[in-house]
Amino acid sequence: MIIGIDVGGTHADAVLLDGDMVVAKDKVCVQGRHLSEVIISLLEGLVSPESRGSLKRIHLSSTLCTNAIVTGSLDPVGMLVQAGPGMNPDFFSKSCPTWFLDGVIDHRGHILRDPDPAKIADAANTLHREGISSIGIACKFSHRNNLHEKQIAGQLAGRFRHITMGHRISGLPNFPRRVYSTWLNAALASRFNAFKAALEQGIKHLGITCPCHVLKADGGTMPFSRASEFPCESIHSGPSASVMGCLALSAQADDAILLDIGGTTTDIALLVDGAPLLEPYGTLIAGRPTLIRALKTVSIGLGGDSRVTWQDGAFHIGPEHQGISMAAGGTAPTPTDAMVVLGKLAIGSRQKAAMAMLALCPQEPPDYTASLLLEAFVERIRQAVEELIEEVFSRPVYTVAALLHRRRIQPKQIVAIGGPAEALQSFIQEALFLPCIVPANYEVANALGAARARLTFQATLYADTGDKRLSIPEISCLETITPHFTMTDAETRLQTAIAGMVSEMGMPSCPEIDFLERLEMNCVRGFKTAGKILTLKAQIRPGLTSI
């Protein structure tokens, strides 16, 4: 049995799966409660003490890291940045205290100059005096040679609680994205580890011994042990749970629109030929570009409990969260009140919901106001869907193959999940002129998606046969190769590395590995070939666990 838990901004959902069958589900309010307390109470209610020994895994999607970013409650971080020549790195220092080191690594991973140990010691002493315990280290081209980052981390070891090295985040190039990703990971470390410790203590108290996995932004999972090292990967786990929930409940073969309508936000994603879109170079977080792999989703501040006002002949809905509806005892109108008035939702008092509509438009019948309000609600969704499709289509392409395969997304239907989904089904169909499916268990779809998500991992291999050196940055691997190293050797080495990581993460077998990119270039020196540069990227594709 597997438990899936999704903690959103308003509610936390949980499902207990036995195979592909939902044997129990629960939904609780999270407002005013500590995150670990909510999760423990869900576990306690969902699984009897006698059944806890049968649990295989717990999969958790939470807003912990996203909330820390939104509320600005990140840990103070000290950054040590080695940019090398050719770039003015001053803009990095706007995020936090930053020291620029004087070492240099070139684009092929050759070390041209080591960083000055005295400057590193000076930075460490200052950061220690200021009480900063999270450190980020980012060196340009560290994905091709990690020695400087490891050397700096070695000099700082034992003095700081958490050190993030940039090459471990991703093997993809792009130095500014690496710096921001490193900073973000370091800024989330202590908060995530405190949450992990509290949750593990609670799980142990319940007598549950199975492993706990955390949902990632790319729709996959990772075990708690890796999540504590790379908490930045758990950002946007809520929207990825939405996508996986839609896929689990309603598999699609064509282009489709996925909507997760919650109490605070609506998450929107697109399927192309039945597969979710991924951000190709990393997602944008808090306005900063990162190397964090993520599903392409958009969140808008529009939900069943959004604040509603009537001004200048139009409804203004969200992005603020109003709290509970007037039908349920709240003090101001919400879209949920409109659903109650029209008989689309059977919660609270219909009379109080009607009063909410009269508070918005005193001269109009409540039914009429409620219909107008919900039409305005889905119109916002329609506009956001159009903008998302336009954004995806208008992206620049960099290869002829991508240009030839480029086509506009043409959704055939909509899959809607979340608490208000069924109540809004007919409005969505009319606004978007597409059939709208609301699958069974739609109200706990995110938890179901979290439960069905499978472990994912991506790694990149860079080999320079002229220098007889190979790098797999995600596992901090830098090793010697022969001059005769081939792409076939690279595939075997990367496959072994990913299988090793999967084994370390406690999975009994390694899922199928996809090779995404193969690049092979000859190095010419003095009119002669002087070796090859090989670049290979591979992944365990995000998807649903076979049951």
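Caption draft 1: Examining the overall build of the chain more closely. When helices and strands are tallied, the chain shows 14 helices and 27 strands. Taking 547 residues into account, the globule formula puts the C-alpha radius of gyration at 24 Å, and the chain, at 25 Å, falls close to it. For the chain, the spread of C-alpha atoms along the principal axes amounts to about 85 × 55 × 55 Å. Taken across its 547 residues, the chain has 54% of its residues classed as buried. When contacts within the chain are restricted to residue pairs at least 6 apart in sequence, long-range pairs at least 24 apart make up 64% of them. The chain carries 49 positive and 53 negative side-chain charges, and their two centres are separated by 6 Å.

Caption draft 2: Molecular detail of the pattern of salt bridges. The final tally for this structure, using the stated rule, is 19 salt bridges. For Glu233, the salt bridge identified is with Arg226, shortest N-O distance 3.5 Å. In this structure, Glu233 and Arg226 share a single accessibility class: buried. Taking the shortest distance from any N to any O, the salt bridge between Arg541 and Asp514 comes out at 2.8 Å. In this pair, Arg541 is assigned in the segment after β27 (528-540) and Asp514 in strand β26 (residues 513-525), connecting sequence segments 27 residues apart. Note on Arg541: relative accessible area 45%, which makes it partly exposed. When its relative accessible area of 13% is taken as the criterion, Asp514 is described as buried. Shared partners join several salt bridges into a network, and the residues in it are Lys216, Asp218, Arg226, Glu233 and Arg293.

Caption draft 3: Spatial organisation of the packing of aromatic side chains. If you walk through the whole model with that rule in mind, you get 4 aromatic pairs. Ring geometry for Trp310 versus Phe315: centroids 4.7 Å apart, planes at 70°, classification edge-to-face. The class of Trp310 is partly exposed, set by a relative accessible area of 36%. Relative accessible area serves as the criterion here: at 13%, Phe315 is assigned to the buried category. Each member of the aromatic cluster is reached from another via a ring pair, and the members are Phe192, Phe195 and Phe224.

Caption draft 4: Representation of the sheet that holds strand β11 (residues 212-215) in the model. Spatially, the 6 strands line up as an open sheet ordered β3-β2-β1-β4-β11-β12, and their pairing is mixed. At either end of the open sheet lies a strand with only one pairing partner, and these are β3 (21-29) and β12 (221-223). Pairwise comparison of adjacent strand axes, ignoring direction, gives a mean angle of 20° for this sheet. Pairing analysis gives 3 bridges linking strand β4 (residues 57-61) to β11, with the strands arranged parallel. For His59, the partnering residue across the bridge sits in β11 and is His213.

Caption draft 5: Structural context of helix α10 (residues 366-393). Taking 1.5 Å of rise per residue, 28 residues should cover 40 Å, and α10 covers 41 Å from first to last C-alpha, within 8% of that figure. For α10, the full list of buried residues reads Thr369, Ala370, Leu373, Leu374, Phe377, Val378, Ile381, Ala384, Val385, Leu388, Ile389 and Val392.

Caption draft 6: The environment of Leu461, seen in detail. You can see Leu461 is positioned in strand β23 (residues 457-464). On the accessibility criterion, Leu461 (0% relative accessible area) is buried. Once residues within four sequence positions are removed from consideration, Leu461 is found in contact with Leu470, Ser471, Ile472, Phe485, Ala490, Arg493, Leu494, Leu534, Thr535 and Leu536.

Caption draft 7: Geometry of the nonpolar core. Counting 64 residues, the largest nonpolar core has Ile257, Leu259 and Ile428 as its most contacted members. Discounting chain neighbours no more than four positions away, the residues touching Ile428 are Leu259, Ile261, Val378, Ile414, Ala416, Phe433 and Cys436. The next biggest cluster of nonpolar side chains, apart from the first, holds 57 residues, and it includes Ala187, Leu206, Ile208 and Cys232.

Caption draft 8: Summary view of the side chain of Thr460. For Thr460, the location among the structural elements is in strand β23. Excluding anything up to four places from it in sequence, Thr460 contacts Gly171, Leu172, Ser471, Ile472, Pro473, Glu474, Leu494, Thr535, Leu536 and Lys537.

Caption draft 9: Spotlight on the packing of α10 against helix α12 (residues 421-432). Packing of α10 against α12 brings their axes to within 9 Å, and their N-to-C directions diverge by 55°. Regarding the angle of α10 to α12, the classification is oblique. Pair α10 / α12 crosses with right-handed handedness. Contacts from Ser371, Leu374, Glu375, Phe377, Val378, Arg382 and Val385 in α10 reach Leu424, Phe427, Ile428, Ala431 and Leu432 in α12. Of the residues that constitute the contact of α10 with α12, the class distribution is 9 nonpolar, 1 polar and 2 charged.

About the cut-offs
- Residues numbered from 1 in each chain as written.
- Predicted model: local features only at pLDDT ≥ 70, side-chain atom pairs only at ≥ 80, totals over all residues.
- Heavy atoms only, no water.
- Helix = DSSP H or I, 4+ residues; strand = E, 2+ residues; numbered from the N terminus.
- Rg over C-alpha atoms; globule rule 2.2 N^0.38 Å.
- Buried < 20%, exposed > 50% of the residue type's maximum accessible area, 1.4 Å probe, protein only.
- Contact = heavy atoms within 4.5 Å.
- Lys, Arg positive; Asp, Glu negative; His and termini not counted.
- Charge placed at Lys NZ, Arg CZ, Asp CG, Glu CD.
- Salt bridge = Lys/Arg side-chain N within 4 Å of Asp/Glu carboxyl O.
- Phe/Tyr/Trp six-rings, centres within 6.5 Å; stacked < 30°, edge-to-face > 60°.
- Pairing = 2+ DSSP bridges.
- Axes fitted to C-alpha atoms, helices over the stretch in contact; angles between N-to-C directions.
- Expected span 1.5 Å × (residues − 1).
- Core = buried A, V, L, I, M, F, W, Y, C linked by side-chain atoms within 4.5 Å.
- Parallel < 35°, antiparallel > 145°, perpendicular 65-115°, else oblique.
- Left-handed = near helix turned anticlockwise from the far one by under 90°.
- Nonpolar A, V, L, I, M, F, W, Y, C, P; charged D, E, K, R; others polar.

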